Amino acid sequence: MGLFAVVKGLPPLAAALAAAAATYAPIPADLTTPLQQRLAISGPNTVTVAWNTFQQLAQPCVQYGTAPGALSRQACSTSSVTYATSRTWSNVVTVSGLTPAATYYYKIVSTNSTVGHFFSPRLPGDKTPFQMNAVIDLGVYGRDGYTIKADKRRRDDIPAVDPSLNHTTIHRLAQTINDYEFIVHPGDIGYADDWILKAHNWFDGKDGYQAITEDFFNQLAPIAGRKPYMASPGNHEASCQEVPLTSGLCPSGQKNFTDFVNRFGRTMPAAFASTSADAPAKVAANRARVLSNPPFWYSFEYGMVHVTMIDTETDFTDAPDQPGGSAHLGAGPFGSYARQQLDFLEADLASVDRAVTPWLVVAGHRPWYTTGDSNACAPCQAAFEPLLYKYGVDLAIFGHVHNSQRFAPAVNNAADPAGLANPKAPMYIVAGGAGNIEGLEDVGANTTINRFAYADSFSYATVSFLDTQRLRVDFVRSDSGALLDSSVLFKQHARRFVVQ
């Protein structure tokens, strides 16, 4: 979501003169101590393990095995990078040759690390039921990251404990960690750019940006170091702050998605090679791999689902975050030519063999179907919706609007007459209510295709792949775990390759 409206509502200079100095986490005595751990699915039988340290590592290494006391294998790399204004280095190691759908134990090599564990990815074509979570617009809370102002939707979110250690959605994800197998987070990760509202002055934001970034990923580490955390960009990753036309004031390390690329660019996959027996599908998958540009746009396969992550911020006509876009953030483009992302998307969707991965899910940040009027992304709809419909996408997941919403399957702003019973059009959800410094957003004016909207408390979505024809979407209240809405999408998946 944009912050410009909030800034306009403050007294003069209040955005630049709000209270508080940055509060950094302490630096550990052992500078090789792994922090901000995160996993990602990077290929069949392959996981990337990433973490940050307070010194550059000549050779980051991970020991792993199938029992906590038998870490007999080791993978290493030379990937340890940083950027201007960052206090830490980002390290990445690829762990490959894993037995599918098995528990592995791992230890990041350091004199101050512990043994963790993860569940290795299911192979494409595995029809075992499983759940993934959609958690979007999730930011840090606590001493530096608490909401701008309290109201009835936010006042009870931080209980009477050290607030820097608490976040209701992160707590719920931890409590239910055995229920889901990975998380998709398409954009607005941490909200470090909102520091402009808390800095002493306009030019004091760099320390706050880094403090919030470190704090968020340290809070997230118990989740992301256990479950693959698949990320793509949102507007809050673009720059050190989100006030239009001011990105030039940001330090060199805090503009143009720098932290996002540094943190996720070497961990997200490109596109999987096709396991289909169909030759054109293999060609399309290879083309998608060439055109992919992780962490901005890429895809992966897991069991019975093909997931495509898109960039709603840059690299299409009138993209909001790139130069000349409506957000005036001056970021990107990141493709080598104007249509690279859309060409990737078409090749990727065309490669999906429903005999292998019957379910096709696309996730991005800005929605074009949403309650209210101000946050619908018309350029996104013009760029992406025709392709999602043409290739029979089953579910489209978005955020940006800070609440939870579910829509009937739709195309061109009209509901599919089949409803949830084998529609041709994608089912759309918004899962932007996970919680961040900006709080929740009122549902606003409803639309004829909306079927559920909720903004009373923080929430997120779970997606359960029940079998090859039934998919369930649940919205969960973060603080209590209460089920807010549940729906089951039925798709016959009669055709191996969908073109309509």
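- Looking at an unreviewed UniProt entry, the protein carries the name Purple acid phosphatase, with the source organism given as Lasiosphaeria ovina.
- Taken directly from UniProt, the Sequence similarities (unreviewed entry) text for the protein runs: "Belongs to the metallophosphoesterase superfamily. Purple acid phosphatase family."
- As recorded by UniProt, the Catalytic activity (unreviewed entry) comment attached to the protein reads in full: "a phosphate monoester + H2O = an alcohol + phosphate".

1. What about empty space enclosed by the protein?
Over the atoms rolls a probe the size of a water molecule, and in doing so it shows where empty space is left.
Moving on, step 1. Enumeration over the complete set of coordinates arrives at three cavities of 30 Å³ or more.
Moving on, step 2. Estimates place the volume of the largest cavity at around 120 Å³.
Moving on, step 3. If you go around the largest cavity, you meet 13 residues; those closest to its centre are I189, Y209, H236, E237 and D259.
Moving on, step 4. Here the lining of the largest cavity takes four residues from helix 5 (residues 258–264), the largest share from any one element.
Moving on, step 5. A breakdown of the residues in the lining of the largest cavity according to their chemical character gives seven nonpolar, two polar and four charged.
Moving on, step 6. If you add up the space inside the second largest cavity, you get close to 80 Å³.

2. Digging into helix 6 (residues 279–291)
Moving on, step 1. For helix 6, built from 13 residues, the straight-helix expectation of 18 Å at 1.5 Å per residue is met to within 8% by its first-to-last C-alpha distance of 19 Å.
Moving on, step 2. Residues of helix 6 that are buried include every one of A281, A284, A285, A288 and L291, and no others. All buried residues of helix 6 lie within an arc of 125° about the axis, which places them on one face of the element. In helix 6, the exposed residues that point more than 90 degrees away from the buried face are V283 and V290.

3. Section: the pairing of strand 13 (residues 229–232)
Moving on, step 1. Burial of strand 13 is two-sided: the residues Y229 and A231 facing one way and the residues M230 and S232 facing the other way are all buried.
Moving on, step 2. By the bridge criterion, four bridges tie strand 11 (residues 182–186) to strand 13 in an arrangement that is parallel. Among the inter-strand pairings, I183 is bridged to a residue of strand 13, identified as Y229.

4. Description of the pattern of salt bridges
Moving on, step 1. Using the criterion set out here, one finds 16 salt bridges in the structure.
Moving on, step 2. In this structure, D353 engages R496 in a salt bridge whose closest nitrogen and oxygen atoms are separated by 2.6 Å. Taken as a pair, D353 in the loop between helix 7 (340–350) and strand 16 (359–363) and R496 in the segment after strand 25 (483–490) lie far apart in primary sequence, 143 residues in all.
Moving on, step 3. We classify D353 as buried; its relative accessible area is 3%.
Moving on, step 4. Across the pair R470 and D467 runs a salt bridge whose closest N-O atoms are separated by 2.9 Å.
Moving on, step 5. The exposure class of R470 is partly exposed, given its relative accessible area of 38%.
Moving on, step 6. Residues joined in a network through salt bridges with shared partners are R122, D126 and E181.

5. Quick look at the state of the cysteines
What we call a disulfide is simply a covalent bond connecting the sulfur atoms of a pair of cysteines.
Moving on, step 1. If you walk through the whole model with that rule in mind, you get three disulfides.
Moving on, step 2. Covalently, C377 is tied to C380 through a disulfide, its sulfur atoms 2.1 Å apart. In this structure, the disulfide formed by C377 and C380 twists by about 65° around the S-S bond and is classed as right-handed. An identical accessibility class is assigned to C377 and C380; each is buried.
Moving on, step 3. Look at the protein and number its bonded cysteines as they come in the sequence; the links are 1-2, 3-4, 5-6.

So, how was this worked out
- Each chain has its residues counted from 1, running along the sequence as written.
- Selection of residues for local features in this predicted model requires a pLDDT of at least 70, selection of side-chain atom pairs for listing and counting requires 80 or more, and totals for whole chains, interfaces and linings are taken over all residues.
- For the side-chain quantities, the full set of heavy atoms in the structure was used; hydrogens and water were omitted.
- UniProt positions are given in the numbering used here, feature names are shortened, and annotations may be inferred rather than shown by experiment.
- Here a cavity is any set of points on a 1 Å grid over the protein atoms alone where a 1.4 Å probe fits but cannot get out, and a pocket is any open set with protein on both sides within 12 Å along at least 5 of 7 lines; a residue lines the site when it has an atom within 4 Å of a point.
- Grid points are joined across faces, edges and corners, and a volume is the space filled by probe spheres set on the points.
- Secondary structure elements are defined from DSSP: runs of H or I of at least 4 residues count as helices, runs of E of at least 2 residues count as strands, and each element is numbered from the N terminus.
- Under this grouping Gly is polar, as are all residues other than the nonpolar Ala, Val, Leu, Ile, Met, Phe, Trp, Tyr, Cys and Pro and the charged Asp, Glu, Lys and Arg.
- One less than the residue count of a helix, multiplied by 1.5 Å, gives the span that helix is expected to have.
- For every residue, the accessible area obtained with a 1.4 Å probe (protein chains only) is divided by the maximum for its type, and the residue is called buried under 20%, exposed over 50%, and partly exposed between those limits.
- In this description, one arc is meant: the one made by directions from the helix axis to the C-beta atoms.
- Strands qualify as paired when DSSP identifies two bridges or more between them.
- When a carboxyl oxygen of Asp or Glu is within 4 Å of a side-chain nitrogen of Lys or Arg, the pair counts as a salt bridge.
- Note that a disulfide, as used here, is simply two cysteine sulfur atoms within 2.5 Å.

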